[in-house]
Amino acid sequence: MKRVFSRKTFAVFAVILLASCVLSAQEQRIQQTEQRVGAQPERRRSVEPPAKKLSAEERENVMQMLESSEGQARGIEDPGSRAYALLQLARSYQAANRKKSLALLEDALTSARSMETGDSRPRSTAKRTLQEQILNTMVPITAERVDELLSEVDLDVRERVLIALLSYYEKNNELDRAIDMIYRIGQEQEIPYAAVNRVMARMKPEQSAEIQQLFTNALSSFRDHEHTGMSRIGPGDFGALVTSYYKQLPPVLVQQAIDVLLSNAKKQDEKGEDKSKISIASAKGAAQLNSQYEYRLFQLLPIIREFDERQAEKLLKDQQNLQTLLDRYPQGLGGVAPETSRPDSGERRREAGGGTSFMVSSGGPGPGGPGPGGPGRGGPGGPGAGRPMPSPVEMQRASKIVADADEHPQDALANASALSDPRQKTSALLGIARATLKKNSSVARAALGKALDAMAPLQPDDQIMQLRDVAGMYLQLNETEDAKKVIEKGIALAEKVYKTDVNADDPNTAMKAYWPSTNGWRSMIASAVRISPPWAQGLLKEIPDDDIRTIVQIGLANSLLGVSQGNITVMSQTKSGASMMMMQEDREER
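Bear in mind that the values here come from a model prediction, so they are computed numbers and not experimental data. (Residues numbered from 1 in each chain as written. Predicted model: local features only at pLDDT ≥ 70, side-chain atom pairs only at ≥ 80, totals over all residues. Heavy atoms only, no water.)

A tally of regular secondary structure across the protein chain gives 25 helices and seven strands. The 590 residues of the protein chain split such that 60% are buried. Sequence-distant contacts in the protein chain: of pairs separated by 6 or more residues, those separated by 24 or more amount to 72%. (Helix = DSSP H or I, 4+ residues; strand = E, 2+ residues; numbered from the N terminus. Buried < 20%, exposed > 50% of the residue type's maximum accessible area, 1.4 Å probe, protein only. Contact = heavy atoms within 4.5 Å.)

Take a look at the structure:
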């Protein structure tokens, strides 16, 4: 594995981990330029309000809209944005015309593979993300074709597409095919440990020999590959595989795995290339680890103690920070983030506030200083400006506030207002609103109003991501006028961000489909269509960019059809650096 960080390189990882979507640190990683302006991949969850049932005439009008959009989509010059538009069109037809959907997906994949990335990290990431989303969308239509195409896409994509194929094989009782695919990937690159974890969770007790063989292959793969920087550390990594299955494996094999993990972590720390701080927080607790080795000890010491108490004490002797943490959390990482040590963690849906934040900073403090904006593209508050790493304690407080909101809503409101970080405060207030939406509408309304105030210091693109949720929840509360005001605010922010995206002196060179302004219009118009389709179409006509208008029009049609647009990706790349956010959509049942 090639070294991807220079000594001057700075990187920030921000991952919101949900029990329904446990992601590896490698999957979340995006490197930053040497100008030290952070590229921040971030996972968020957004709730899309249910679509209204269409009449036959309305559905026919939507299909005509899609037909006209197809020609416009194929005319988009940038292959990445063209691939994205064709992907969204394929989603539109997936239920009604699978043959057409598959043809669109094939064309989308061709466009994605033709993307020129050069040395642009965001465009390389965009290319991989598009290939992954296209193939994942194709799996329910024809898993066999996806299997054939895996050999033609980037190696990094194969691991993530494998997860989608695993679901298909599991539903069809074809676990052997999934295992064969894991071994096939292992011949070309490092084994996908999250996939191994998922397969092993479905193997029966009488398959102990197969479980041991699969784990042994995973151990060999980890030992035989070079790990640079923070690659292969985090939820879904080989360490998580050890904590999930150590009781089902021979102690000697577990000890070998622990030795390899600790040795690898110490080796990375001794290189001195990445001075890493790892922060983990959930409603259960919070911890900050100051090195990879410290992280691994926190993860593995509870297991080591079961095997050899004396060895555990020896390893802990000079680790004052860990001694304090383990006194508070005897189960180590499992005490702070229980889902990371569960074999079925990828299957558990997040309860309100049940998410775990896993954040890693390397090289120094986040750019932009202590404030929420900081210098960066577009000045304070502009897209790509610095997003400093929040305190683990603040992260834990926010998680706990949301977790308690159902039983103690008024206390949750008061406690959320006391949070100092505007992003954590906004997130907590939106979490309270979600938790009380159906049971205590007055608290939900109050939380939404406070969230609008709390997000004021945030960057415009950050605000847009949050406003989408606010509008959706107002609509669920039947507060149409409030939702309309929020949408209008979001549209104004999208127009403001667009001027930054097309700034002639420093334009956004990421693919247009992922621009913050594109996301802003798409999100707001998707919400507007719930209030009035004619109003939404009027807003659509005001978009000044033809390509963005086409992409948003397809999104509008999908919103009317009740079709999910899948994960939403937002990217910026300018002279000063890059930023990235990813949002996972949850669609409410109709």
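All right, on to the nonpolar core then. With 164 residues, the main nonpolar core has F238, V242, F298 and I432 as its most contacted residues. Apart from the residues lying within four places of it in its own chain, the contact partners of F238 are Y193, F215, A218, L219, F222, A257 and L261. Counting residues in hydrophobic clusters, the runner-up holds five residues, among them M465, I568, V570 and M581. (Core = buried A, V, L, I, M, F, W, Y, C linked by side-chain atoms within 4.5 Å.)

The next subject is the environment of A178. Secondary-structure assignment places A178 in helix α8 (residues 175-186). Judged by its relative accessible area of 0%, A178 falls in the buried class. A178 sits 15 residues away from I163 along the chain, and the two C-alpha atoms are 9.2 Å apart. Filtering out sequence-adjacent residues up to four positions away, A178 remains in contact with L166, Y169 and V199.

Attention now moves to helix α2 (residues 56-74). Taking 1.5 Å per residue as the helical rise, α2 with its 19 residues ought to reach 27 Å, and the 27 Å between its terminal C-alpha atoms agrees with that figure. Looking only at α2, the buried set comprises V62, M63, M65, L66, S69, E70 and A73. Buried residues in α2 make contact with α3 (79-93), α4 (98-113), α24 (533-541) and α25 (546-561). (Expected span 1.5 Å × (residues − 1).)

Let's shift gears to the pattern of salt bridges. Counted under the stated rule, the structure contains 22 salt bridges. As a salt-bridge pair, R423 and D462 come within 3.7 Å of each other at their nearest N and O atoms. Within this pair, whereas R423 is found in helix α19 (residues 422-436), its partner D462 is found in helix α21 (residues 460-476), the two being separated by 39 residues in sequence. Accessibility assignment for this pair places R423 and D462 in one class, buried. Linked by salt bridges that have partners in common, E70, R74, K100 and D107 make up one network. (Salt bridge = Lys/Arg side-chain N within 4 Å of Asp/Glu carboxyl O.)

Bringing the packing of aromatic side chains into the picture now. In total, this model carries nine aromatic pairs according to the counting rule given. Centroid distance Y193 to F222: 6.2 Å. Interplanar angle 65°. Geometry classified as edge-to-face. Taken as a pair, Y193 in helix α9 (residues 193-200) and F222 in helix α10 (residues 208-224) lie far apart in primary sequence, 29 residues in all. F222 matches Y193 in its accessibility class, with the two residues each being buried. Among the aromatic side chains, those forming a connected cluster through ring pairs are Y193, F215, F222 and F238. It is K484 that lies over the ring of W535; its NZ or CZ is 5.0 Å from the centre. (Phe/Tyr/Trp six-rings, centres within 6.5 Å; stacked < 30°, edge-to-face > 60°. Lys NZ or Arg CZ within 6 Å of the ring centre and 35° of its normal.)

This next bit is on the packing of α21 against helix α22 (residues 480-501). Between α21 and α22, whose axes approach to 9 Å, the crossing angle comes to 160°. Between α21 and α22, the angle is such that the two are roughly antiparallel. Of the two possible hands of crossing, α21 and α22 adopt the one that is left-handed. Together, P460, D461, Q463, I464, L467, V470, A471, Y474 and L475 of α21 and D482, A483, V486, I487, K489, G490, L493, A494 and V497 of α22 make up the contact between the two elements. Its residues assigned to classes, the contact of α21 with α22 shows 13 nonpolar, two polar and three charged. (Axes fitted to C-alpha atoms, helices over the stretch in contact; angles between N-to-C directions. Parallel < 35°, antiparallel > 145°, perpendicular 65-115°, else oblique. Left-handed = near helix turned anticlockwise from the far one by under 90°. Nonpolar A, V, L, I, M, F, W, Y, C, P; charged D, E, K, R; others polar.)

Two elements in contact, helix α12 (residues 251-271) and helix α13 (residues 292-307), have axes separated by 9 Å at closest approach and are oriented at 160°. The pairing of α12 with α13 is recorded here as roughly antiparallel in orientation. Here α12 and α13 pass one another in a crossing that is left-handed. Where α12 abuts α13, its residues P251, V254, I258, L261, L262, A265, K266, Q268 and D269 lie against Q292, Y293, R296, L297, L300, I303, I304 and F307. A class-by-class count of the residues in the contact of α12 with α13 yields twelve nonpolar, two polar and three charged.

Turning next to the environment of I211. Its place among the elements puts I211 in helix α10. For I211, a relative accessible area of 4% gives the class buried. Expressed as a C-alpha distance, the spacing of I211 and V196, which sit 15 residues apart in the sequence, is 9.5 Å. Excluding its chain neighbours within four sequence positions, the residues that come into contact with I211 are M200, M203, K204, Q248 and L249.

Along the polypeptide, N290 turns up in the loop between β4 (285-289) and α13. Spatially, the C-alpha atom of N290 lies 4.6 Å from that of K277, the residues being 13 residues apart in sequence.

Quick look at α19 now. Compared with the 21 Å implied by 1.5 Å per residue over 15 residues, the 21 Å span of α19 between its first and last C-alpha is a close match. Within α19, twelve of the 15 residues are buried, which leaves it mostly tucked inside the rest of the structure. Every buried residue of α19 is listed here: P422, R423, Q424, T426, A428, L429, L430, G431, I432, A433, A435 and T436. Between a side-chain oxygen at the N-terminus of α19 and the backbone nitrogen of R423 the separation is 2.8 Å; the capping residue is D421. (Polar contact = N/O pair within 3.5 Å; in protein donor to acceptor, adjacent residues only side chain to side chain.)

Turning our attention to the side chain of T142. The topology assignment puts T142 in the loop between α5 (121-138) and α6 (143-149). Judged by relative accessible area, T142 falls into the buried class, the value being 16%. A distance of 3.2 Å separates the side chain of T142 from the backbone nitrogen of R145, its partner in a polar contact.

By the element assignment, T426 lies in helix α19. Not counting residues within four places of it along the chain, the set of residues in contact with T426 comprises A451, A454, M455, L458 and Q466.

This part covers the confidence of the model for the protein chain. Detailed reading of predicted coordinates is not advised where the pLDDT is low. On average, residues of the protein chain score 80 in pLDDT, and 80% of them reach the 70 mark or higher. Ignoring residues within four places in sequence, the model shows residues 1-45, a span with pLDDT below 50, making 154 contacts including any to other chains. (pLDDT = per-residue confidence, 0-100.)

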